Amino acid sequence: MTFPVVAGGLTLVDLLLMLAPVAVVPMGLRLAPLQGKVSNRLLGLARLVQPVGAVAALASFMFPPGWLSGWLAAGWLAACAVASLAGLAEVIEERSVGPAHLLPAVALGFLSVGAAWLVAYRGGIDLGYAPVIEELTAVHFHYAGFAATMMAALTLARVTTTRPRWRVITVAAGWLVMLGVPVTAAGVATGSGLLTVIGPIGLAVGVLTMSGITGFIVVPGLPGPASRWLLGLSAGGVVIPMLLGVDYAMGRVLPVPSLDLRTMALVHGDLNALVFALLGFAGWLLVKRAEQ
């Protein structure tokens, strides 16, 4: 299937995918709570080359799928690879796979996975899946992978310093997000009914738990009304898309009513990208600025 064209020959899914390198990823890179010296230097380099990679990613949509579009998309993959190296350096440098280090590292790793799928999609590379699946997988790893996991890392860092009694629950939510992202993708890739259901349920429980802690525990203590409003909207806005994601996944293997893929892209995709990720990162940036 193909998605309806919205503007300039681009579909809604195209636009959501293009939003990631332009707005969502640069904000996430500025917020990544890395602690090592080397990892932060690499993160700084990633932030430096990110705009070049973003331009390359956008340019890849200006041409039909093929070798030119693929090579342009590879520019975004190169920028994301630097960010992923920063995540790897964090774990090695700090000699820890504790959640405070692992969550942002995994988020940065997911970024390269999403970029690789973008290369496959724009390059017209046949990996055994329909182009629409390649594009949706790229979207999945940019938003559910990078954005949601980074959001979990930011929430964990906050409760660790301000509300430590909530740390255990936040860590559990972070693990569900980290595991739910690849399991969901594996369910789509393999067609396994078990993984198709378990992945989205685990991901949804993790994201909803993390967002609940953000909305009810973290937000009331944040400086400034703007950051509270943005993070409150982000936390509340993710409820519907997560529940719809579980319902859609279950509808693929069980006789339960669910939305079609096009409607899911409109509702689930828009709310996740524009409300949860975009507003959430904007809120965390305001918190960071207020406390510097």
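Before any of the text, the structure's been laid out above.
Visitor: Any chance you could explain the environment of G283 here in plain terms?
Guide: Looking at where G283 falls in the secondary structure, it is placed in helix α10 (residues 261-291). Between the C-alpha atom of G283 and that of R163, which follows or precedes it by 120 residues, the distance is 19 Å. Those residues in contact with G283, other than ones at most four positions away along the chain, are S227, L230 and L231.

Visitor: I keep staring at the packing of aromatic side chains and nothing clicks. Help me out?
Guide: Aromatic ring pairs: the centre-centre distance and the angle between the two ring planes describe each pair. Taken as a whole and judged by the stated rule, the model has four aromatic pairs. Both rings, one in F110 and one in F141, keep their centres 5.7 Å apart while their planes meet at 55 degrees; by these two values the pair is tilted. One end of the pair, F110, is in helix α4 (residues 99-122); the other, F141, is in helix α5 (residues 131-162), with 31 residues separating them in the sequence. The same class applies to F110 and to F141, which are both buried. The cationic tip of R122 hangs over the ring face of F61; the distance from NZ or CZ to the ring centre is 4.7 Å.

Visitor: Help me out: how do you make sense of the nonpolar core in this one?
Guide: Across soluble globular proteins, you tend to see nonpolar side chains buried next to one another. Grouped together as the largest cluster of nonpolar side chains are 86 residues, with contacts concentrated most on W76 and F281. Counting residues per element, this core draws most heavily on α5, which supplies 16 residues. Setting aside residues up to four positions removed in sequence, F281 forms contacts with V24, M27, G28, L31, F146, A147, M150, M151 and L154.

Visitor: I would appreciate a short explanation of the side chain of T184 in the present structure.
Guide: By secondary structure assignment, the location of T184 is in helix α6 (residues 167-190). Other than its neighbours up to four places away in sequence, T184 contacts H140, G199, P200 and L203.

Rules behind the numbers
- Residues numbered from 1 in each chain as written.
- Predicted model: local features only at pLDDT ≥ 70, side-chain atom pairs only at ≥ 80, totals over all residues.
- Heavy atoms only, no water.
- Helix = DSSP H or I, 4+ residues; strand = E, 2+ residues; numbered from the N terminus.
- Contact = heavy atoms within 4.5 Å.
- Phe/Tyr/Trp six-rings, centres within 6.5 Å; stacked < 30°, edge-to-face > 60°.
- Buried < 20%, exposed > 50% of the residue type's maximum accessible area, 1.4 Å probe, protein only.
- Lys NZ or Arg CZ within 6 Å of the ring centre and 35° of its normal.
- Core = buried A, V, L, I, M, F, W, Y, C linked by side-chain atoms within 4.5 Å.

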